[in-house]
Amino acid sequence: MKLAFVGKGGSGKTTMASLFARRAASLGHAVMAVDADINQHLAAALGLDPEAAAMGPVLGERLGDIKEYLRGDNPLVPSADLMLKTTPPGPGSRLLTVSESNPVYDEIFTEVDGIRFAATGGFVEDDLGVSCYHSKVGAVELMLNHMIDADDEFVIVDMVAGAEAFASGMFTRFDHTFLVCEPTLRSVGVYKQYVGYAEDYDVNIAVIGNKIDDEDDVEFLREHVGDALIGWCTRSRYVKAAERGLVGPIEELEEANLAVLDAARERAVGAGKDWVKFTSQAHEFHRKAAAAWGNDRAGVDLADQIVEDFVLGEHLLHTQTV
Ligand SMILES: Nc1ncnc2c1ncn2[C@@H]1O[C@H](COP(=O)(O)OP(=O)(O)OP(=O)(O)O)[C@@H](O)[C@H]1O
Ligand SMILES: [Mg+2]
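What counts, and where the lines are drawn
Residues numbered from 1 in each chain as written. Chains lettered and ligands numbered in written order. Predicted model: local features only at pLDDT ≥ 70, side-chain atom pairs only at ≥ 80, totals over all residues. Near = placed C-beta within 6 Å. Helix = DSSP H or I, 4+ residues; strand = E, 2+ residues; numbered from the N terminus. Expected span 1.5 Å × (residues − 1). Bend = angle between axes of the 7 residues up to and from the residue. Buried ≥ 20, exposed ≤ 12 C-beta atoms within 10 Å, placed from the backbone. Pairing = 2+ DSSP bridges. Axes fitted to C-alpha atoms, helices over the stretch in contact; angles between N-to-C directions. Contact = placed C-beta atoms within 7 Å.

### A few points about the site of ligand 1
The immediate surroundings of ligand 1 are formed by 20 residues, with Gly9, Gly12, Lys13, Thr14 and Thr15 found nearest. Counting residues per element, the ones that place at least two in the shell around ligand 1 are α1 (13-26), β7 (205-212) and α9 (237-243).

Dropping the structure here:
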């Protein structure tokens, strides 16, 4: 399952993504967690030393290596230069699984409590809103497009705040999107905006309330997001302690909050995967990117990289020669 955590700045995306990842890993699931936010805080939330994590190799800087690896010997992608972040896999491409080893994971990912973690890399002020930011996140988009994950494996992406998440087709790369929402008008405003953008793309969105103090908070969320609300996390002493550097075993999280994580996981697994949709949307966004700028830069029609009937799914793992 590919899962995104989105929401207003400060709503608790990183907190919920890390708790979800740690809970799933402690139950024995294969878990990958990727920090794709401008503010890189997921490493610390997972209990890694944030300074050490910031020094390590990051996805954004290794985009070239990632392209080189993923293109494999796909004849339609004869060089990494001809690979956009939207270039879909085809025959000969290298596909990824959550728990395999490969040179990209070895180089860029760190293991923490059974979670495979990587970050896109921090963003300096100049990156905001310009292509540099998007090219860093592009490494994640490419990996998601080549990832064959099973229903009981989780690829968790801590996304950028608010509407910036719609700057590329990446919001369609997830089986489920969890919108973390505080009981405030601004937070539900981001939910409404998200639903509006996602409307045409059949995106599964569920709301997880956060920093809930009382029944009034829950009522407020229900009134504004209705059935999309699948549960809520109370204001948590455990989270507060973690914020002070004391990341305790996940089992010590308040019971009601653990139950929310389990409900979210069950929601995603229950809704399942749709590889046909995943593939056709990858193709759609690649066509758009090729026409908008890729073709001009490459001097060829990059839409020709699309192999219509190369539908992703677990069946491909049996045919791939590594
Ligand atoms: N349930 C909770 N109980 C107590 N504190 C919380 C809870 N959820 C989040 N927080 C605190 O709220 C702050 C913001 O949370 P977090 O960093 O997870 O939000 P974010 O949406 O990832 O923010 P950003 O937009 O900056 O990435 C942090 O200090 C975090 O510890
Ligand atoms: Mg965050």
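### Brief notes about helix α11 (residues 275-298)
The end-to-end C-alpha distance of α11, which contains 24 residues, comes to just 29 Å, noticeably less than the 34 Å that a straight helix rising 1.5 Å per residue would cover. At Ala290, α11 is bent by approximately 60°, the largest bend along its length. Among all positions of α11, only Phe278, Thr279, Gln281, Ala282, Phe285, His286, Ala289, Ala290 and Gly294 are buried. Of the residues flanking the end of α11, it is Gly299, one or two places downstream, whose phi is positive at about 80°.

### With respect to the sheet that holds strand β8 (residues 229-234)
The strand order across the open sheet formed by eight strands is β3-β4-β2-β5-β1-β6-β7-β8, and the pairing between neighbours is mixed. The outermost strands of the open sheet, each flanked by one partner alone, are β3 (110-112) and β8. For this sheet, the mean angle separating the axes of adjacent strands, direction not counted, is 25°. Note: β3 against strand β4 (residues 115-119), three bridges, orientation antiparallel. Bridge pairing in β4 links Glu111 to Arg116. Packing against the sheet, helix α8 (residues 215-225) makes contact with β6 (176-181), β7 and β8, and its axis sits at approximately 155° to β7. Packed onto the sheet, helix α10 (residues 255-271) meets β1 (2-7), β6, β7 and β8 and runs at close to 155° relative to β8.

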